[in-house]
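Overview (structure and organization)
Residue strings, one per chain:
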Amino acid sequence: QVQLEESGGGLVQAGGSLRLSCAVSGRTFSTYTMGWFRQAPGKEREFVATARSGGTTYYADSVKGRFTISRDNAKNTVYLQMNSLKPEDTAIYYCALDRGYSIIYYADGEYDYWGQGTQVTVSS
């Protein structure tokens, strides 16, 4: 049974930073694509960032230059470093695992396993 567990969310002032972690158990994730998505109240879930097993990363335009995705394959953990946070970054953040190396890395339907989410709130 594959499990993903996010941590690191919280309340931060605008301009501040947070680092989210996602620990994966039940499967060695070194060969899989890992992604971060978020869902704000009243909005659809949206793509944030993806890290391929080989190191290639992709970002949504809204977070490019502020967020960094990284992975530690030895720890089965993926991270999302979030800097220069804005109130519009407020959302529940989810990590996800794609077994199939989809080229549509930004589509949440391409991911097979999901964490329960962690709340990030940015105050103005």
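This report concerns the structure included in the present document. (Residues numbered from 1 in each chain as written. Predicted model: local features only at pLDDT ≥ 70, side-chain atom pairs only at ≥ 80, totals over all residues. Heavy atoms only, no water.)

1. Concerning the overall build of the protein chain
Each helix and strand in the protein chain was counted, giving zero helices and 11 strands. Shown N-terminal to C-terminal, the secondary structure of the protein chain runs as helices and strands in the order β-β-β-β-β-β-β-β-β-β-β. For 124 residues, the compact-globule formula gives about 14 Å, and the C-alpha radius of gyration of the protein chain, at 13 Å, lands near that figure. Once the C-alpha set of the protein chain is aligned to its principal axes, its extents read approximately 40 × 25 × 25 Å. Burial status across the protein chain gives 44% buried among its 124 residues. If you take every contact in the protein chain between residues at least 6 apart in sequence, the share linking residues at least 24 apart comes to 59%. Element-wise, carbon and sulfur atoms account for 44% of the exposed surface of the protein chain, whose accessible area totals about 6,300 Å². Both charge centroids of the protein chain, one from 12 positive and one from 12 negative side chains, sit 4 Å from each other. (Helix = DSSP H or I, 4+ residues; strand = E, 2+ residues; numbered from the N terminus. Rg over C-alpha atoms; globule rule 2.2 N^0.38 Å. Buried < 20%, exposed > 50% of the residue type's maximum accessible area, 1.4 Å probe, protein only. Contact = heavy atoms within 4.5 Å. Areas by Shrake-Rupley, 256 points an atom, 1.4 Å probe, with all protein chains shown as cover. Lys, Arg positive; Asp, Glu negative; His and termini not counted. Charge placed at Lys NZ, Arg CZ, Asp CG, Glu CD.)

2. A short note on the sheet that holds strand 3 (residues 18-25)
As summarised here, the arrangement of the four strands in space is 1-3-8-7, forming an open sheet in which the pairing is antiparallel. The open sheet has two edge strands, strand 1 (3-7) and strand 7 (67-72), and neither has a second partner. For this sheet, the mean angle separating the axes of adjacent strands, direction not counted, is 15 degrees. Bridge count for strand 3 against strand 8 (residues 77-82) is six bridges, and the pairing is antiparallel. For Cys22, the partnering residue across the bridge sits in strand 8 and is Val78. (Pairing = 2+ DSSP bridges. Axes fitted to C-alpha atoms, helices over the stretch in contact; angles between N-to-C directions.)

3. With respect to the packing of aromatic side chains
By the definition in use, this model includes eight aromatic pairs. With 5.8 Å between their ring centres and 70 degrees between their planes, Phe37 and Phe47 make a pair best called edge-to-face. Remark: Phe47 occurs in strand 5 (residues 46-51) and Phe37 occurs in strand 4 (residues 33-39); sequence separation between them is 10 residues. Pair check on accessibility: Phe37 and Phe47 agree, each one buried. (Phe/Tyr/Trp six-rings, centres within 6.5 Å; stacked < 30°, edge-to-face > 60°.)

4. Some points on unusual backbone geometry
Even without glycine at this site, Ser84 takes up a positive phi of about 50 degrees. Tracing the backbone through its elements, the reader meets Ser84 in the loop between strand 8 and strand 9 (91-98). Of note in the backbone geometry, Tyr101 takes a positive phi value of approximately 55 degrees without being a glycine. Within the element layout of this structure, Tyr101 appears in the loop between strand 9 and strand 10 (113-114).

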